[in-house]
Amino acid sequence: MLPRIGENMNRILRKTKIICIDWDSTIINHESLDRLSIIMGKHDKINPLTFNAMNGTIPFDQSLKQRMDILQPSYVDLLRYLDYACVSNITPNFISFYELLRKHDKEVYIIADTFHELIRPYLPHININMNNIYANIMYHNNDGKYLHYDQNNGKCEIIKHLMVKHKTNNVIMIGDG
C-alpha cells in the first residue's frame, strides 16, 4: 500500500502506471543550467534569462537558445559540473519516493528541459534507466568545444508518446513544467 498522502492521491496513483517527473528544482534542488553558469562565471547573464522564461516573459525555447549561446559549455565545463553533482543536491526523500514508485510497479520517467549531460552525474544515486530520461542533448567537437544542442520535443509531446507506448491515458506529471 502506498503511504498516506491523501485518499484522492492514493486513488489516482493506484490507477496510474506512468509517472513523469521534472528534473530541475524537482528531483534536484536547483536549476542545472543556472548552476553550470555559476561554475562558468556567467550567472549574471544567465539568471535573468532563466527568470524570464520561468515567469513567461519570454518563451522557453528562446530563453534556452540565448542561455546556450552565452554559455557554450565545453566538455571541461561539464567535468567541472561533475564536481558539484552530488547526492546532497537531490531533493530530500526523492530517492525513497522513487524506490516506492518502482516497488509498486510504476514506470518512472524523467522529462527535463535541461540536458542529459547535466543529469548523468546523478544517475548512480538515483538508479534510473537512461532510456527513461527525456532531455536535451549537447554536442561537442573532438577537442571538447561546444557545437550545438538538440532540444527534446517538449513535455506534452513526450507524454503523448508515452501514453501511446504504454496504451494508457493515465499519466501523472510531477514538477513545475
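Asks: With reference to specific residues and values, describe a nonpolar patch on the surface.
Replies: Together, Y75, L79 and L82 make up an exposed nonpolar region whose accessible area comes to about 280 Å². Note that L79 resides in helix α5 (residues 75–84).

Asks: Any chance you could break down the environment of E31 for me, citing the residues and the numbers?
Replies: Mapped onto the fold, E31 is located in the loop between β1 (18–21) and α2 (32–40). For the pair E31 and I159, spaced 128 residues apart in sequence, the C-alpha to C-alpha distance is 22 Å. Those residues in contact with E31 that lie beyond four places of it in its chain are D24, S25, M54 and D176.

Asks: Explain the layout of surface pockets to me, using residue names and the numbers behind them.
Replies: In this structure, the largest pocket spans a volume of roughly 310 Å³. Lining the largest pocket are 16 residues, and of these E31, M54, F60, D113 and D176 lie nearest its centre. Those elements giving two or more residues to the lining of the largest pocket turn out to be α3 (43–54), α4 (60–71) and β2 (107–115). Residue composition of the lining of the largest pocket, grouped by class: 6 nonpolar, 3 polar and 7 charged. The wall of the second largest pocket is formed by Y75, L78, L79, L82, E117, R120, P121 and H140. With 4 residues, the top contributor of residues to the lining of the second largest pocket is α5. Along the lines of polarity and charge, the residues of the lining of the second largest pocket split into 5 nonpolar, 1 polar and 2 charged.

Asks: Which residues make up the sheet that holds strand β3 (residues 133–140), and what values do they have?
Replies: The strand order β4-β3-β2-β1-β5 describes an open sheet built from 5 strands, whose pairing is mixed. Each edge of the sheet is formed by a strand with only one pairing partner; in this case those strands are β4 (146–150) and β5 (171–174). In this sheet, neighbouring strand axes are inclined to one another by 25 degrees on average, regardless of whether the strands run parallel or antiparallel. The pairing of β2 with β3 spans 3 bridges and is parallel. Bridge assignment links I110 to a residue of β3, and that residue is I133.

Asks: Residues and numbers for the side chain of D22, please.
Replies: Relative to the elements of secondary structure, D22 occurs in the loop between β1 and α2. Only 3.1 Å separates the side chain of D22 from the side chain of K155, close enough to count as a polar contact.

Asks: Run through the pairing of β3, naming residues and quoting values.
Replies: With 4 bridges joining them, β3 and β4 adopt antiparallel strand pairing. Looking at β4, one finds that Y139 is bridged to H148. Taking the residues between adjacent antiparallel strands as the criterion, β3 and β4 are bridged by 5 residues, where G144 takes a positive phi near 85 degrees.

Parameters at a glance
- Residues numbered from 1 in each chain as written.
- Predicted model: local features only at pLDDT ≥ 70, side-chain atom pairs only at ≥ 80, totals over all residues.
- Heavy atoms only, no water.
- Patch = residues over 30% accessible without salt bridge, like charges linked within 9 Å, V, L, I, M, F, W, Y side chains within 5 Å.
- Areas by Shrake-Rupley, 256 points an atom, 1.4 Å probe, with all protein chains shown as cover.
- Salt bridge = Lys/Arg side-chain N within 4 Å of Asp/Glu carboxyl O.
- Helix = DSSP H or I, 4+ residues; strand = E, 2+ residues; numbered from the N terminus.
- Contact = heavy atoms within 4.5 Å.
- 1 Å grid on protein atoms, 1.4 Å probe; cavity = no way out; pocket = protein on both sides within 12 Å on 5 of 7 lines; lining within 4 Å.
- Points joined across faces, edges and corners; volume = space filled by probe spheres on them.
- Nonpolar A, V, L, I, M, F, W, Y, C, P; charged D, E, K, R; others polar.
- Pairing = 2+ DSSP bridges.
- Axes fitted to C-alpha atoms, helices over the stretch in contact; angles between N-to-C directions.
- Polar contact = N/O pair within 3.5 Å; in protein donor to acceptor, adjacent residues only side chain to side chain.

Everything listed is a geometric property; what it means functionally is a separate question.
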